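Okay, here's what each chain looks like letter by letter:
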Amino acid sequence: QSKISCKGETGQNLSVQYRQKTETNFLYPYQLDAVNQLKNGCILCGAVGSGKSRTALFWYFKENGGWIDKDGYSPMRSPKDLYIITTAKKRDSKEWLGELVPFLLYPGDDGKTRFGNKIVVDSWNNIGKYVDAEDSYFLLDEQRLVSYGAWTKSFLTIAKSNKWILLSGTPGDSYVEYLPVFLGNGFFKNKTEFNREHVIFSRYTKYPKIDRYVNTTRLDRLRDRILVNMDYTHDIVKHNEDIYCSYDIQQYKFVIRNRKNIYKENEPIQNAGEMCNVLRRIVNSDETRQIKLLEILESHPRAIIFYNYDYEREILLNLGYEYGTEIAEWNGHAHQPVPEGNKWVYICQYNSASEGWNCIRTNCVIFYSQNYSYKMMTQAAGRVDRLNTPYDELYYYYLKSRSGIDLAVSRALADKKKFNEGRFVGWNKSQVSYNVAKKENRQAA
């Protein structure tokens, strides 16, 4: 490891540390340990930016008889075809193809490598195209198998005739989220058997709601059997700062009391989701939040900003133009690359850009508003937390207020849970729970 002192755009001295592997190793020790533990049907679990892609490719390379170390390159013997299923953004950016280069596995125009095997990189939306593949390897990146939908059904078909592993930084918080992987490994015949042996459903709901799990010792044993954790630690210092902003208390109290949408000519609010969206818009649109954002940009001229809603995007674009900085964005409206200048902001929508890409040109991420999902917030923070980042320190700024809605979202994220709109509002078909409204009024006052 070597340290280089350089000067940033804002004038401060930065200690830039380049974390490089020694010349005798192709992988870091913790990556090599993971390769030795991996087997068919495992989940490679590592923090965002820990190098899961290279580790998974090395496992495939080793499984097919190849090896790379200080003594040189040993090619594969009769390699099998490789299918890499990832996010659409990662596929389009050709990030996986770059990872294949050190293994001399870059595919040609016909999709085949110099060894004659085929390599396909595609998105999860197209996983159904490969259900007929046999005797091949599948690397399933940024795993999406958290329900029993079309992707899971395609995966289960693929798992019967091929070898596979999954890559994930956040594999699951509950047992049911591991169900597709349990089925793919043959631990259970089907979902019905899993529910019969391990799930107790609530008796007092109109829809299937899991009340608790039974025989969890077996489930823990099965989960530990398939999880391969990468013991990834590095010396980067992370600064997580909550930046509190004001909000219009009178508007907030009006919506709580009258259940009217002030952005739709005071039409009655129909459900809990709309209620939370109106409250969040009141909070997120406040002028003080915009001022705080500009103050942060004064100290960090290059920053990634995450947001949730379209009205936030309009605010951020207008601020960027007024601030006189280069603007690029990745969302449902535009897919632009990260700027390369000395002063820029990269505006990203959580659902579109929270995973599948990385940036080492900045060490600052600003969360203009918090997302309801802990997993999505973790993935978004990992865009700058990479193995090859030249920074010793990373800065994460969370813009929030002391309103009830912001505090409730923060509590859910702190507990690593997804924010529940219905529980927060206490919605009872026709009215907001009196107790919740009374609490909100007290907090607003």
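For the structure itself, look to the data block above.
This is a predicted model, so every value here is computed, not measured. (Residues numbered from 1 in each chain as written. Predicted model: local features only at pLDDT ≥ 70, side-chain atom pairs only at ≥ 80, totals over all residues. Heavy atoms only, no water.)

**Q** Tell me about the side chain of Ser369, and name the residues and values.
**A** The residue Ser369 is located in the loop between strand E19 (364-367) and helix H14 (374-381) in this model. Here the side chain of Ser369 touches Asn308 through a polar contact of 2.8 Å, side chain to side chain. Dropping the residues within four chain positions of it, Ser369 is found in contact with Arg280, Asn284, Arg289, Phe306, Tyr307, Asn308, Glu312, Tyr350 and Leu399. (Helix = DSSP H or I, 4+ residues; strand = E, 2+ residues; numbered from the N terminus. Polar contact = N/O pair within 3.5 Å; in protein donor to acceptor, adjacent residues only side chain to side chain. Contact = heavy atoms within 4.5 Å.)

**Q** Explain the packing of aromatic side chains to me, and be specific about the residues and the numbers.
**A** Inspection of the entire model under this criterion finds 28 aromatic pairs. When the centroid spacing of 5.4 Å and the interplanar angle of 80° are considered together, the rings of Tyr346 and Trp357 count as edge-to-face. You can see Tyr346 sitting in strand E18 (residues 344-349) and its partner Trp357 sitting in the loop between helix H13 (350-353) and E19, a full eleven residues away along the chain. Look at Trp357 and you get buried, because its relative accessible area is 4%. Grouping aromatic residues by their ring pairs yields a cluster made of Phe26, Phe58, Phe61, Trp67, Tyr73 and Phe103. Against the face of Tyr323 rests Lys343, its NZ or CZ located 4.3 Å from the ring centre. It is Arg402 that lies over the ring of Tyr244; its NZ or CZ is 3.9 Å from the centre. (Phe/Tyr/Trp six-rings, centres within 6.5 Å; stacked < 30°, edge-to-face > 60°. Buried < 20%, exposed > 50% of the residue type's maximum accessible area, 1.4 Å probe, protein only. Lys NZ or Arg CZ within 6 Å of the ring centre and 35° of its normal.)

**Q** Would you mind going over the packing of helix H11 (residues 287-299) against helix H12 (residues 310-323) in detail, with residue names and values included?
**A** For the pair H11 and H12, interaxial distance at closest approach is 11 Å and the crossing angle is 50°. Taken as axis vectors, H11 and H12 run oblique relative to one another. At the point where H11 passes H12, the crossing takes the right-handed sense. Residues Gln290, Leu293, Leu294, Leu297 and Glu298 of H11 form the contact with H12, whose own contacting residues are Ile315, Leu316, Leu319 and Tyr323. The residue inventory of the contact of H11 with H12, partitioned by class, reads seven nonpolar, one polar and one charged. (Axes fitted to C-alpha atoms, helices over the stretch in contact; angles between N-to-C directions. Parallel < 35°, antiparallel > 145°, perpendicular 65-115°, else oblique. Left-handed = near helix turned anticlockwise from the far one by under 90°. Nonpolar A, V, L, I, M, F, W, Y, C, P; charged D, E, K, R; others polar.)

**Q** Give me the sheet that holds E19: which residues, what numbers.
**A** By definition, the strands of a sheet pair up through backbone hydrogen bonds, in either a parallel or an antiparallel sense. An order of E13-E20-E19-E16-E18-E17 is seen for the six strands of this open sheet, with the pairing classed as parallel. Strands with a single pairing partner mark the edges of an open sheet, and in this sheet they are strand E13 (237-245) and strand E17 (326-330). Averaged over all pairs of adjacent strands, the angle between strand axes in this sheet comes to 20°, irrespective of strand direction. Pairing of E19 with strand E20 (residues 393-401) involves four bridges; the strand directions are parallel. Bridging from a neighbouring strand, Phe367 pairs with Tyr398 of E20. The sheet strands contacting H12 are strand E16 (302-307), E17 and E18, and the helix crosses E17 at an angle near 160°. The strands that H14 touches are E16, E19 and E20; relative to E19, the one it contacts most, it runs at about 150°. (Pairing = 2+ DSSP bridges.)

**Q** Got a sec to walk through the environment of Tyr30? Specific residues and values, please.
**A** By secondary structure assignment, the location of Tyr30 is in helix H1 (residues 29-37). On the basis of relative accessibility, which here comes to 12%, the residue Tyr30 falls in the buried class. As a C-alpha pair, Tyr30 and Thr233 span 203 residues in sequence and 9.2 Å in three-dimensional space. When near neighbours in sequence (up to four residues on either side) are disregarded, Tyr30 contacts Ser50, Met230, Asp231, Tyr232 and Leu387.

**Q** Could you give an account of the pattern of salt bridges, naming the residues involved and the relevant values?
**A** Throughout the structure, instances matching the rule amount to 16 salt bridges. For Asp211, the salt bridge goes to Arg212, with nearest N and O atoms at 3.3 Å. The salt bridge involving Lys400 is made with Asp242; its shortest N-O contact spans 3.3 Å. With Lys400 in strand E20 and Asp242 in strand E13, the pair connects residues that are 158 residues apart, well separated along the chain. (Salt bridge = Lys/Arg side-chain N within 4 Å of Asp/Glu carboxyl O.)

**Q** Kindly report on the pairing of E19, identifying the contributing residues and their values.
**A** With burial as the criterion, each face of E19 is covered, one bearing Cys364 and Ile366 and the other bearing Val365 and Phe367. Where E16 lies against E19, three bridges are found, and the strand directions are parallel. From the neighbouring strand, Phe306 faces E19, where its bridge partner is Phe367. The β-α-β motif built from E19, the intervening H14 and the parallel element E20 has right-handed crossover chirality. (Right-handed = clockwise from strand over helix to strand, strands pointing away.)

**Q** Give a description of the state of the cysteines that names residues and reports values.
**A** Evaluation of the coordinates by the stated rule reveals zero disulfides. Cys359 supplies the cysteine sulfur nearest to Cys348, a cysteine that is in no disulfide, at a spacing of 8.9 Å. (Disulfide = S-S within 2.5 Å.)

**Q** Give me the lowdown on the sheet that holds strand E3 (residues 43-45), citing residues and values where you can.
**A** Read across the open sheet, the six strands follow the order E7-E6-E8-E9-E3-E12; overall the sheet is parallel. In this open sheet, the two strands that pair with only one neighbour each are strand E7 (119-123) and strand E12 (227-229). With strand direction ignored, the average angle separating the axes of adjacent strands in the sheet is 20°. Relative to E12, E3 is paired through three bridges, and the arrangement is parallel. When the sheet's bridge partners are listed, Cys45 is paired in E12 with Asn229. Relative to strand E9 (residues 163-168), helix H2 (residues 52-63) is tilted by about 165°, and along the sheet it contacts E3, strand E6 (82-86), strand E8 (137-140) and E9.

By themselves, these observations are geometric and do not establish any function.
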